[in-house]
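Structural overview for review
Here's the letter readout for the chains.
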Amino acid sequence: MVKITGFICVVLCGAGGGAIMAEKLRRLRESSRQLLEMLIQISIMIRYRALNVYEIVRELHSFGSYTELGFLGELPESYEAGEDFTVLWSKAVERDNGIGKEEKRILTSFGAELGTSDIEGQLMTIQSAIETMSSIESRRSEDYLKKGRLYRSIGALFGLMTGIILV
């Protein structure tokens, strides 16, 4: 009875490990999707409403639909003397562990340009970031569909194999 219980525990641990790896891929995909949506939303805010960076942050906070993007919560909604929005943006992006390295690179370069040029210059920067983020989001979706299933299967098989060896 103890061996069977141990066997089941080992199999479940293996399956759980695979599920955790698949969940990491899903989170990366979801954060990429939200980043793409956020960039499109920023583009609309600048194009049609000509908002400044603090107004953009205030609007993004009010939406409440970017829950996976922790860095947005660290950004100020109004200007305070002596602060540099570009530095605040970069630091907030770097501290966000829910975003992939490629996305961080894009967001950091985007944040360095946000609010530093005229509307047309900002829109060109945003369009470039949107195109790059779109390709990353597509790749993350493919990875999740292919590798997610693989991780779950291998985790369960590894747990089963280890359980058989231990029994």
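**Structural notes on the overall build of the chain**
A tally of regular secondary structure across the chain gives five helices and zero strands. Counting from the amino terminus, the chain carries its helices and strands in the arrangement α-α-α-α-α. Against the globule reference of 15 Å for 167 residues, the chain gives a C-alpha radius of gyration of 21 Å, more extended than a compact globule. Reported as C-alpha extents along the three principal axes, the dimensions of the chain are approximately 70 × 30 × 25 Å. When each of the 167 residues of the chain is scored for burial, the buried share is 36%.

**Focus on the packing of aromatic side chains**
Enumeration according to the criterion identifies five aromatic pairs in this entry. Ring centres of tyrosine 54 and tyrosine 79 lie 6.0 Å apart, and the angle between their planes is 70°; on these two criteria the pair is classed as edge-to-face. Within this pair, whereas tyrosine 54 is found in helix α2 (residues 53–63), its partner tyrosine 79 is found in the loop between α2 and α3 (85–95), the two being separated by 25 residues in sequence. Using a relative accessible area of 53% as the deciding quantity, one classes tyrosine 79 as exposed.

**Focus on the environment of isoleucine 56**
As for its placement among the helices and strands, isoleucine 56 is situated in helix α2. By relative accessible area, which is 2% here, isoleucine 56 ends up buried.

**A closer look at the pattern of salt bridges**
On inspection of all chains with the given rule, the structure shows eight salt bridges. Between arginine 26 and glutamate 23 there is a salt bridge, and its shortest N-O distance comes to 2.6 Å. Taken together, the residues span about one helical turn, with arginine 26 and glutamate 23 both in helix α1 (residues 2–49) at a distance of three residues. Residue arginine 26 is classed as partly exposed on the basis of its relative accessible area of 24%. Judged by its relative accessible area of 27%, glutamate 23 falls in the partly exposed class. A salt bridge links arginine 27 to glutamate 23, with the nearest nitrogen and oxygen atoms 3.6 Å apart.

What counts and what doesn't
Residues numbered from 1 in each chain as written. Predicted model: local features only at pLDDT ≥ 70, side-chain atom pairs only at ≥ 80, totals over all residues. Heavy atoms only, no water. Helix = DSSP H or I, 4+ residues; strand = E, 2+ residues; numbered from the N terminus. Rg over C-alpha atoms; globule rule 2.2 N^0.38 Å. Buried < 20%, exposed > 50% of the residue type's maximum accessible area, 1.4 Å probe, protein only. Phe/Tyr/Trp six-rings, centres within 6.5 Å; stacked < 30°, edge-to-face > 60°. Salt bridge = Lys/Arg side-chain N within 4 Å of Asp/Glu carboxyl O.

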